[in-house]
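Examination of the molecular architecture
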Amino acid sequence: MIYKLLFSLLPDNKNIILCIDRTNWKLGKPNINILMLSVAYQGLSIPILWTLLDKQGNSNTEERISIIGKFISLF
């Protein structure tokens, strides 16, 4: 599990800053819409969990709660 490896490499994983971001690309006709949960560390955002959204546009509250819930259950 790569997310646990990345998380374990952080020197202080007790006091972390989580970031939620969404990006949408158009690759030909299909939209690629990703909701990502990252850890902010020394000016970088390190992705630890993500989900593909099957729609174009913003994520909704349920989708954001779901990715935070996954983080809580894994860590």
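Below is a summary of the structure that appears in this document. (Residues numbered from 1 in each chain as written. Predicted model: local features only at pLDDT ≥ 70, side-chain atom pairs only at ≥ 80, totals over all residues. Heavy atoms only, no water.)

1. Digging into the side chain of Asn33
Rules: Think of it this way: any DSSP run of H or I at least four residues long counts as a helix, any run of E at least two long counts as a strand, and we number them from the N terminus. Polar contact is the term for a pair of N or O atoms within 3.5 Å; when the atoms are in protein, one must be able to donate a hydrogen and the other to accept it, and sequence-neighboring residues count only if both atoms are side-chain atoms. The contact criterion used is simple: two residues touch if any of their non-hydrogen atoms lie within 4.5 Å.
You can see Asn33 is positioned in strand 2 (residues 31-41). Among the polar contacts made by the side chain of Asn33, one reaches the main-chain carbonyl oxygen of Lys55 at a distance of 2.7 Å. Every residue in contact with Asn33, bar those within four places of it in the chain, is listed here: Arg22, Thr23, Asn24, Thr51, Leu52, Leu53, Lys55, Gln56 and Gly57.

2. Side note on the sheet that holds strand 3 (residues 44-53)
For the record, the criterion: Should DSSP find at least two bridges between two strands, the strands are regarded as paired. For helices, the axis comes from a line fit to the C-alpha atoms of the stretch in contact; other axes are also lines fit to C-alpha atoms, and the angle between any two N-to-C directions lies between 0 and 180 degrees.
As summarised here, the arrangement of the three strands in space is 1-2-3, forming an open sheet in which the pairing is antiparallel. In this open sheet, the two strands that pair with only one neighbour each are strand 1 (17-26) and strand 3. On average, each strand axis in the sheet is tilted by 25° relative to the strand beside it, whichever way the strands run. Pairing of strand 1 with strand 2, which is carried by 10 bridges, proceeds in the antiparallel orientation. In the strand pairing of strand 2, Asp21 is matched with Met36. Together, strand 1, strand 2 and strand 3 form the strand contacts of helix 2 (residues 61-74), whose direction differs from that of strand 3 by roughly 120°.

3. A few points about helix 2
To keep things clear, this is the line we draw: Expected helix span is computed as 1.5 Å times (number of residues minus one). Exposure classes here rest on a 1.4 Å probe applied to the protein chains alone. A residue is buried below 20% of its type maximum, exposed above 50%, and partly exposed in between. Think of the arc as the fan of directions from the helix axis to the C-beta atoms.
The end-to-end C-alpha separation of helix 2 is 20 Å, in line with the 20 Å expected for 14 residues at 1.5 Å each. Three or more residues of helix 2 are buried, namely Glu63, Ile67 and Phe71. For helix 2, the arc enclosing every buried residue in end-on projection is 85°, short of the 170-degree limit, so these residues lie on one face. Residues Glu62, Ile65, Ile72 and Ser73 are exposed on helix 2 and point more than 90 degrees away from its buried face. Its side-chain oxygen placed 3.1 Å from the backbone nitrogen of Glu62, Asn60 serves as the N-cap of helix 2.

4. Some words on the pattern of salt bridges
Our working rule: The working definition used for a salt bridge is a side-chain nitrogen of Lys or Arg within 4 Å of a carboxyl oxygen of Asp or Glu.
Enumeration according to the criterion identifies one salt bridge in this entry. For Glu63, the salt bridge goes to Lys55, with nearest N and O atoms at 3.2 Å.

5. Thoughts on the nonpolar core
As a reminder, the rule being used: Buried residues of nine kinds, namely Ala, Val, Leu, Ile, Met, Phe, Trp, Tyr and Cys, make up a nonpolar core once their side-chain atoms join them within 4.5 Å.
In terms of nonpolar packing, the biggest core is built from nine residues, these being Leu10, Leu35, Leu37, Val39, Ile48, Leu49, Leu53, Ile67 and Phe71. When contributions to this core are tallied by element, the ones reaching two or more residues are strand 2, strand 3 and helix 2.

6. Things to note about unusual backbone geometry
Within the chain, Gln42 stands out as a residue other than glycine whose phi angle is a positive 50°. As for its position among the elements, Gln42 is in the loop between strand 2 and strand 3. Given a relative accessible area of 69%, Gln42 falls into the exposed group.

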